[in-house]
Amino acid sequence: MIDHIILLLDLAGTLIFAATGAIRGVKTHLDIFGVTVLACCVGVGGGIVRDLIIGAVPVAAMQDQNYILICIITALVTFALPKRALAHPGLIKILDAFGLGVFTALGAAKAAMYDMNTIGIILCGIITATGGGVIRDVLSHRLPPTVLKTDFYATAALIGGALFCVLKYFHIPAGWLFFITASSVTVIRMLAMYFKLKLPAK
C-alpha cells in the first residue's frame, strides 16, 4: 500500500517539476518542442542523476513510461494555456516548494532502500530535489541556478534529509516518515520565501 502511495507522490512530484520547467520554457519564448524538452529534463532530471549515483539502473524514468508521458502531457497542457494564466510571478516558486519537499523525501527514501549511509541519504535527497531545478535554470539561462543562491532552497532539502535520517533512526513508520519529511521541507521553503530568509553571503 505504502509503495503505491509513494509511487503516486513520485509521479505527482514529476508533474509539478515538469510544470515549472514548462512554465519557464513558455516565459522564455521556447517553441512547443523546447517547452516539452525542458519539462522532461526538469521532471525526471534529479531522479535520473540520483539513480545513476546509487546504481539503480535502468533508472526509474526509463523503466516506467508514465514519468515521461506525464512530463509531455504537462508540457502540452501548459503550452496550450493562455499566458495570463501563467503570469503569477510566484507560480514557479510555489510549485517548486511542493516539488522540493516531495522529491527530498523520495530521494532519501530510495537511498535508504539501497542501504546508503547517513551522508548518502541526505545527499540523495538534495540531488533528487534540486537536480531538476538546476537543469531548468541552466537551460533557460537563469544563472546562477537557484540552488546556488543565498536562499533556503538546497538548505531546505538538506534539513529535510537530516530529519529523514533522525526519524528513521527512531523507526518511524514509512508513511509518516515520508509525509513529515516532505511537509517539513515544503513548509521551510515557503516560510523562507515569505520572510525572505537568506544565508549569509559576501
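Residues numbered from 1 in each chain as written. Predicted model: local features only at pLDDT ≥ 70, side-chain atom pairs only at ≥ 80, totals over all residues. Heavy atoms only, no water.

A. Inspection of the pattern of salt bridges at higher detail. Going through the model one piece at a time under the given rule, you end up with five salt bridges. The salt bridge partner of Asp96 is Arg136, with a shortest N-O separation of 3.4 Å. With Asp96 in helix α5 (residues 91-113) and Arg136 in helix α6 (residues 118-139), the pair connects residues that are 40 residues apart, well separated along the chain. With relative accessibility at 2%, the residue Arg136 sits in the buried group. Of the charged contacts, one joins Asp137 and Arg136 as a salt bridge, the two residues approaching to 3.3 Å between their closest N and O atoms. When salt bridges that share partners are traced, they join Arg24, Asp96, Arg136 and Asp137 into one network. (Salt bridge = Lys/Arg side-chain N within 4 Å of Asp/Glu carboxyl O. Helix = DSSP H or I, 4+ residues; strand = E, 2+ residues; numbered from the N terminus. Buried < 20%, exposed > 50% of the residue type's maximum accessible area, 1.4 Å probe, protein only.)

B. Representation of unusual backbone geometry. The omega angle of the peptide bond from Val57 to Pro58 is -5°, so this bond is cis rather than trans. When you line up the elements, Pro58 lands in the loop between α2 (32-54) and α3 (60-63). Cis rather than trans, the peptide bond between Leu143 and Pro144 has omega equal to -5°. Position of Pro144 among the secondary structure elements: in the loop between α6 and α7 (154-169). The phi angle at Asp115 is positive, at roughly 55°, despite the residue not being glycine. Structurally, Asp115 is set in the loop between α5 and α6. Judged by relative accessible area, which is 71%, Asp115 ranks as exposed. Here His141, not a glycine, exhibits a phi torsion of approximately 60°, which is positive. You can see His141 is positioned in the loop between α6 and α7.

C. Up close: helix α4 (residues 66-80). Between the first and last C-alpha of α4 there are 21 Å, a value that for 15 residues agrees with the 21 Å anticipated at 1.5 Å per step. Buried within α4 we find Tyr67, Ile70, Cys71, Thr74, Ala75 and Thr78. Buried residues in α4, looked at end-on, bunch into an arc of 130°, giving them a common side. For α4, the exposed residues set more than 90 degrees away from the buried face come down to Ile73 and Ala80. (Expected span 1.5 Å × (residues − 1). Arc of directions from axis to C-beta.)

D. Examining the layout of surface pockets more closely. Reported here for the largest pocket is a volume of approximately 730 Å³. Lining the largest pocket are 35 residues; nearest its centre among them are Ile6, Leu106, Ala109, Lys110 and Met113. Within the residue set of the lining of the largest pocket, elements represented by two or more residues are α1 (2-27), α2, α3, α5, α7 and α8 (174-195). The residue makeup of the lining of the largest pocket, split by class, is 23 nonpolar, six polar and six charged. The calculated volume of the second largest pocket comes to roughly 280 Å³. (1 Å grid on protein atoms, 1.4 Å probe; cavity = no way out; pocket = protein on both sides within 12 Å on 5 of 7 lines; lining within 4 Å. Points joined across faces, edges and corners; volume = space filled by probe spheres on them. Nonpolar A, V, L, I, M, F, W, Y, C, P; charged D, E, K, R; others polar.)

E. Just a positive patch on the surface, in detail. On the surface, a cluster of positive charge is made up of Lys27, Lys93, Arg142, Lys149, Lys196 and Lys198. Here Lys198 shows up in the segment after α8. The class of Lys198 is exposed, set by a relative accessible area of 57%. (Patch = residues over 30% accessible without salt bridge, like charges linked within 9 Å, V, L, I, M, F, W, Y side chains within 5 Å. Areas by Shrake-Rupley, 256 points an atom, 1.4 Å probe, with all protein chains shown as cover. Lys, Arg positive; Asp, Glu negative; His and termini not counted. Charge placed at Lys NZ, Arg CZ, Asp CG, Glu CD.)

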